[in-house]
Amino acid sequence: MIFADKLVRLRKKSGMSQEELAERMNVSRQSVSKWESAQSVPDLEKILRLGELFGVTTDYLLKDEIEDEEFVGKDTSECNRKITLAEANEFLELRKKASWRIALATFLNIAAVTQLIIFGGTTTLSEPPFPENAAAVLGMALLLVMAAIAVGIYLYTGAQSKHFEFLEKEEFETEYGVVGMVKEQQKAFRNTYVMNNIIGACLCVISPVPVFAGALMTKDFTRVLLLATTMLIAGVGVVFFITAGVREASMRKLLGEGDYSPKYKRRARLAAKISPIYWSIVVAVYLAWLLFIDGNKHESNSWVVFPVAGVLFAAVLGICSIVDRNNKNDDI
């Protein structure tokens, strides 16, 4: 009876209906109804899956007493945002659509450069379809139009999910059911993710083949077309990478995995605070060197300041991270 009460409580908190829970558990709605009315108890495998789905321990589900949920998840002591199941589903759906929009915009940018090369190549023909100046103007005009469309797609896609930007920067807490739902979608998407990356990698690897074939050709315009073909093949490969990567990244954001873990978010916030000060000092050192050390020399070595500063930035960030962590420990 206690298990049934806990299951009802968890399901209602997650916002699921009996039908949705049955679908996620791969059982009939009648089975869920029996579990919640204490007419039957799921087997151990189903209990483990329920614990994963709702983000609670199996001990909590199996104990014969009503108590607060033993939530399995991240330390939420510093969290100031909570993601509901509905918000998580909305975010994943938005990123699914965004993956195709971002891929399309990226391909448009590649295609814009490609058509410019083709227009330029037409001037090598014995009877070019356009005068040289007209080919350049048409190519540049089309490039700007395609680039503008791509930028519009990027801006629209960013605006659609702007209210979820905090997922990349802030620490957050997920409500019951979110972790299990995301892990289930991630598992279902795994084969597609791997296949898209394989196809993208294969296309990028074979993309230079037309260029190699062009080396055997004598006509310049044929070589130009083969170069354009190489760029388009690589562009299609990039489309596969992006559509898979954007969706996988959206799931990792919700789960707080990899580059979206609290550790990396804290490091990113620290870098955002340090960068303006650090690079202002670097520019000041560069200008001082240029004015007072090199003076009127024809050749200046002051440029070395920037690559050295780039290498040292990682060390500075690491030291600041250690100091920041020690200060937090002292406060505790």
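To be clear, the structure that these remarks concern was listed above.
Small disclaimer: the values here were computed from a predicted structure and weren't measured.

Chemist: Hey, could you run me through the overall build of the protein chain in this one?
Modeler: When you go through the protein chain residue by residue, the secondary structure sums to 13 helices and 2 strands. Looking at the protein chain as a whole, 34% of its 332 residues qualify as buried. For the protein chain, restricting intrachain contacts to residue pairs at least 6 apart in sequence, the fraction spanning at least 24 positions comes to 74%. Summed over all atoms, the accessible surface of the protein chain reaches about 19500 Å², with 62% contributed by carbon and sulfur.

Chemist: Is there a simple way to think about the packing of aromatic side chains in this case?
Modeler: Aromatic ring pairs: the centre-centre distance and the angle between the two ring planes describe each pair. Evaluation of the coordinates by the stated rule reveals 3 aromatic pairs. With a centroid separation of 6.3 Å and an interplanar angle of 45 degrees, the aromatic rings of Phe189 and Tyr193 are classed as tilted. One end of the pair is Phe189 and the other is Tyr193, both in helix 9 (residues 178-206) and 4 residues apart, which spans about a single turn. With respect to class, Phe189 is no different from Tyr193; both count as buried.

Chemist: So what exactly am I meant to see when it comes to the side chain of Thr106 here?
Modeler: Its place among the elements puts Thr106 in helix 6 (residues 85-121). Among the polar contacts made by the side chain of Thr106, one reaches the main-chain carbonyl oxygen of Ile102 at a distance of 2.8 Å. Those residues within four positions of Thr106 in sequence are excluded, and the remaining contacts are Tyr154, Val238 and Ile242.

Chemist: How do you make sense of the packing of helix 2 (residues 18-25) against helix 3 (residues 29-36) when you look at a structure like this?
Modeler: Two quantities define a packed helix pair, namely the angle between the helix axes and the distance between the axes. Packing of helix 2 against helix 3 brings their axes to within 8 Å, and their N-to-C directions diverge by 110 degrees. Taken as axis vectors, helix 2 and helix 3 run roughly perpendicular relative to one another. Only Arg29, Val32, Ser33, Trp35 and Glu36 of helix 3 make contact with helix 2, whose side of the interface consists of Gln18, Glu19, Leu21, Ala22 and Met25. Residue composition of the contact of helix 2 with helix 3, grouped by class: 5 nonpolar, 2 polar and 3 charged.

Definitions and limits used
Residues numbered from 1 in each chain as written. Predicted model: local features only at pLDDT ≥ 70, side-chain atom pairs only at ≥ 80, totals over all residues. Heavy atoms only, no water. Helix = DSSP H or I, 4+ residues; strand = E, 2+ residues; numbered from the N terminus. Buried < 20%, exposed > 50% of the residue type's maximum accessible area, 1.4 Å probe, protein only. Contact = heavy atoms within 4.5 Å. Areas by Shrake-Rupley, 256 points an atom, 1.4 Å probe, with all protein chains shown as cover. Phe/Tyr/Trp six-rings, centres within 6.5 Å; stacked < 30°, edge-to-face > 60°. Polar contact = N/O pair within 3.5 Å; in protein donor to acceptor, adjacent residues only side chain to side chain. Axes fitted to C-alpha atoms, helices over the stretch in contact; angles between N-to-C directions. Parallel < 35°, antiparallel > 145°, perpendicular 65-115°, else oblique. Nonpolar A, V, L, I, M, F, W, Y, C, P; charged D, E, K, R; others polar.

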